[in-house]
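Chain and residue survey
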Number of protein chains: 2
Amino acid sequence: MPEVLIVDDEIQIRRFLRIGLETNGYKVYESPNGHDAILKVAQRKPDLVILDMELPDLDGLEVLRRLREWTRLPVIILSVRASDVDKVAALDAGADDYLTKPFSMDELLARLRVAQRHAQPLAETQIFKSGPLQVDLSRRIVTVNDQTVKLTPTEYALLRLLIQHHGKVLTHKQILREVWGPEYVNETHYLRVYFAQLRQKIEDDPALPRLIVTEAGVGYRLIDEG
Amino acid sequence: MPEVLIVDDEIQIRRFLRIGLETNGYKVYESPNGHDAILKVAQRKPDLVILDMELPDLDGLEVLRRLREWTRLPVIILSVRASDVDKVAALDAGADDYLTKPFSMDELLARLRVAQRHAQPLAETQIFKSGPLQVDLSRRIVTVNDQTVKLTPTEYALLRLLIQHHGKVLTHKQILREVWGPEYVNETHYLRVYFAQLRQKIEDDPALPRLIVTEAGVGYRLIDEG
DNA sequence: CACACATCTTGATACTTTTTTGATGTGATC
DNA sequence: GATCACATCAAAAAAGTATCAAGATGTGTG
């Protein structure tokens, strides 16, 4: 859920914005003045800031400049001032958008979505490695000794769970609950079958498992850096 | 020197924009209509596009949608229509900003600078290749072994989605939501039919697919560098 | 308006993969 | 040597997939 900080001194405006944003799936923080706003951005680390230009303590532009000293998070300016010079000053100071009051909620929401789009960095490829095993979680590709291996949905879910907790022991119940669902916590036979299958596919020697080790009486564990 | 494409049917507006932009250090291209605009973006590869909503051939929104099929370059909309629905539609279709006429040159320039800041240095994949398959996303031309192949709108939408995420597994739901819409997420039969059709058209041997592989129980994946 | 044409939707059927289930084997511990 | 926890194998059941083709819908044209 994206988090927004609303910076405005008028409580009615904050209220209006909060309602509109919350009904559209945002988590909302509020600041009534500039100093508090800068503090809250640092503390709460919101995904977006909606910043009014008229504040009791600091100028909105000044708040923006201070924020831009250390963060590039999207800032959308709200203002009653519609003059070019104000807009240009704010935009050049690092604002991502500038809306003149009165504005419609729909437009603000659309412009927030644009700002979120812009903020998204390129998705980095997340790859887990351990010995001969290599798992590309974003592409759903598993390789062993550089050979791609085909896993069924359940086998993959199991392996992904092990990777998410690599190094730690996962109890039988934990695994069954996560992979099959809470009503399967006693189907320990499933574990035997699927761990055998998984070892068959990803271990160099399935009879002497080096990646997936059994912790007798407890559960299973995935070794990293084998 | 940043390069801008101006898309507007009125020659006076183009002139006005050209002068303002050139005196501020931009190199300017012009398009009087939508089809020419799409072509020029592919040919000239400008850094920015200024797009008027009222065009003689295609709707501005349609031009934007077509561009977003293959490129994320910044597009700033100009329009006489100031209604929320128009703005929201354009922004959600992928526009980076929306200016209502009349606007000031200074504001436009400032918003261009914002758009340039946001521009992500992406390697634009105008043409996708994999094995015998070749797809020109900007011209919507699909060839297999240098033979042009005709795809229906849905088949093309499907292929384009696969290309945008090539290498990754796309789940059934993802595909149905993107191509047919959120209310179709359970119509898995559509997938069977359309993937069969697509394979028939783009695979060398549709019975042994090498480009579009099935991940049973999960979804489908487009292989790159087959 | 009626026509041909392309495309989308739907149903039937054969086929493949995956999951579930049961039977049996192994080794350690008491 | 009986018991326990785990491993392995393989068949049955279930779920998912491929393909063909007919019906429905929509499109533009004369």
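Residues numbered from 1 in each chain as written. Chains lettered and ligands numbered in written order. Predicted model: local features only at pLDDT ≥ 70, side-chain atom pairs only at ≥ 80, totals over all residues. Heavy atoms only, no water.

Further remarks concern the overall build of chain A. Tallying secondary structure elements over chain A gives eight helices and 12 strands in all. Taken against the 2.2 N^0.38 rule, which gives 17 Å for 226 residues, the C-alpha radius of gyration of chain A at 26 Å runs more than 25% over that of a compact globule. Residue pairs at least 24 apart in sequence account for 53% of intrachain contacts in chain A once pairs closer than 6 positions are excluded. For chain A, the exposed surface amounts to about 11700 Å²; the carbon and sulfur share of it is 50%. (Helix = DSSP H or I, 4+ residues; strand = E, 2+ residues; numbered from the N terminus. Rg over C-alpha atoms; globule rule 2.2 N^0.38 Å. Contact = heavy atoms within 4.5 Å. Areas by Shrake-Rupley, 256 points an atom, 1.4 Å probe, with all protein chains shown as cover.)

All names here are of chain B. Within the open sheet, the five strands sit side by side as E2-E1-E3-E4-E5. Their pairing is parallel. With one partner strand each, in any of the chains shown, strand E2 (27-31) and strand E5 (97-100) form the two edges of the open sheet. With direction set aside, neighbouring strand axes in the sheet form an average angle of 20°. Pairing between strand E4 (residues 75-79) and E5: four bridges, direction parallel. Considered in E5, the bridge of Ile77 is made with Tyr98. On top of the sheet, helix H4 (residues 84-92) reaches E4 and E5; it is set at about 150° to E5, its chief contact. (Pairing = 2+ DSSP bridges. Axes fitted to C-alpha atoms, helices over the stretch in contact; angles between N-to-C directions.)

Once that is clear, we can look at the pattern of salt bridges. Residue and element names in this part refer to chain B. A complete count under the given rule lists 41 salt bridges over all chains for this structure. Two residues, Glu54 and Arg81, come together in a salt bridge whose shortest N-O distance is 3.0 Å. Of this pair, Glu54 sits in the loop between strand E3 (48-52) and helix H3 (60-68) while Arg81 is found in the loop between E4 and H4, placing the two residues 27 residues apart along the sequence. Classification of Arg81 as partly exposed rests on a relative accessible area of 32%. Taking the shortest distance from any N to any O, the salt bridge between Glu155 and Lys201 comes out at 2.7 Å. Of this pair, Glu155 sits in helix H6 (residues 153-164) while Lys201 sits in helix H8 (residues 188-202), and the two are 46 residues apart along the sequence. (Salt bridge = Lys/Arg side-chain N within 4 Å of Asp/Glu carboxyl O. Buried < 20%, exposed > 50% of the residue type's maximum accessible area, 1.4 Å probe, protein only.)

To continue, consider the packing of aromatic side chains. All chains considered together, the criterion is met by eight aromatic pairs over all chains. Where Phe195 of chain B meets Tyr220 of chain B, the ring centres are 3.7 Å apart and the plane angle is 10°; that geometry is what we call stacked. Of this pair, Phe195 of chain B sits in helix H8 while Tyr220 of chain B sits in strand E12 (residues 219-222), and the two are 25 residues apart along the sequence. Tyr220 of chain B shares its class with Phe195 of chain B; the two are buried. A network of ring pairs unites the aromatic residues Trp180, Tyr184, Tyr190 and Tyr194 of chain A as a single cluster. One cation-aromatic arrangement involves Arg44 of chain A over Tyr29 of chain A; the distance from NZ or CZ to the ring centre is 5.3 Å. Arg140 of chain A extends its terminal NZ or CZ atom over the ring of Tyr156 of chain A, reaching a point 4.3 Å from the ring centre. (Phe/Tyr/Trp six-rings, centres within 6.5 Å; stacked < 30°, edge-to-face > 60°. Lys NZ or Arg CZ within 6 Å of the ring centre and 35° of its normal.)

The local shell around DNA strand D holds 21 residues, among which Thr214 and Gly217 of chain A together with Arg192, Thr214 and Gly217 of chain B are the closest. Within the contact set of DNA strand D, a phosphate oxygen lies 2.7 Å away from a backbone nitrogen or oxygen of Gly217 of chain B. Of the residues in the surface near DNA strand D, the class split is eight nonpolar, eight polar and five charged. (Near = heavy atom within 4 Å. Polar contact = N/O pair within 3.5 Å; in protein donor to acceptor, adjacent residues only side chain to side chain. Nonpolar A, V, L, I, M, F, W, Y, C, P; charged D, E, K, R; others polar.)

Our focus in this paragraph is the domain arrangement of chain A. Assigned domains within chain A: domain 1 (3-118) and domain 2 (127-222). Just the C-alpha atoms count here: the centres of domain 1 of chain A and domain 2 of chain A sit 46 Å apart. (Domains from an automatic or database assignment.)

At the interface, 26 residues of chain A touch 29 residues of chain B. Summed over both sides, the interface of chain A with chain B buries roughly 2500 Å², with 46% coming from carbon and sulfur. Between the two partners, chain A and chain B, sit seven salt bridges. The salt bridge partner of Arg111 of chain A is Asp97 of chain B, with a shortest N-O separation of 2.8 Å. The interface formed by chain A and chain B holds 19 residue pairs in polar contact (both at pLDDT 80 or more) in total. At the level of elements, helix H4 (84-92), strand E5 (97-100) and helix H5 (105-119) of chain A are the ones that each hand at least two residues to the side of chain A that touches chain B. (Buried area = accessible area lost by both parts, 1.4 Å probe.)

Lining the immediate environment of DNA strand C, one finds 18 residues, of which Thr152, Thr154 and Tyr190 of chain A together with Thr152 and Thr154 of chain B sit closest. Tyr194 of chain A places a polar side-chain atom, nitrogen or oxygen, 3.1 Å from a sugar or linking oxygen of DNA strand C. One of the side-chain nitrogen or oxygen atoms of Thr152 of chain B is found 2.8 Å away from a phosphate oxygen of DNA strand C. Elements with a contribution of two residues or more to the surface near DNA strand C: helix H6 (153-164) and helix H8 (188-202) of chain A together with H6 and H8 of chain B. Split by residue class, the surface near DNA strand C holds 11 nonpolar, six polar and one charged.

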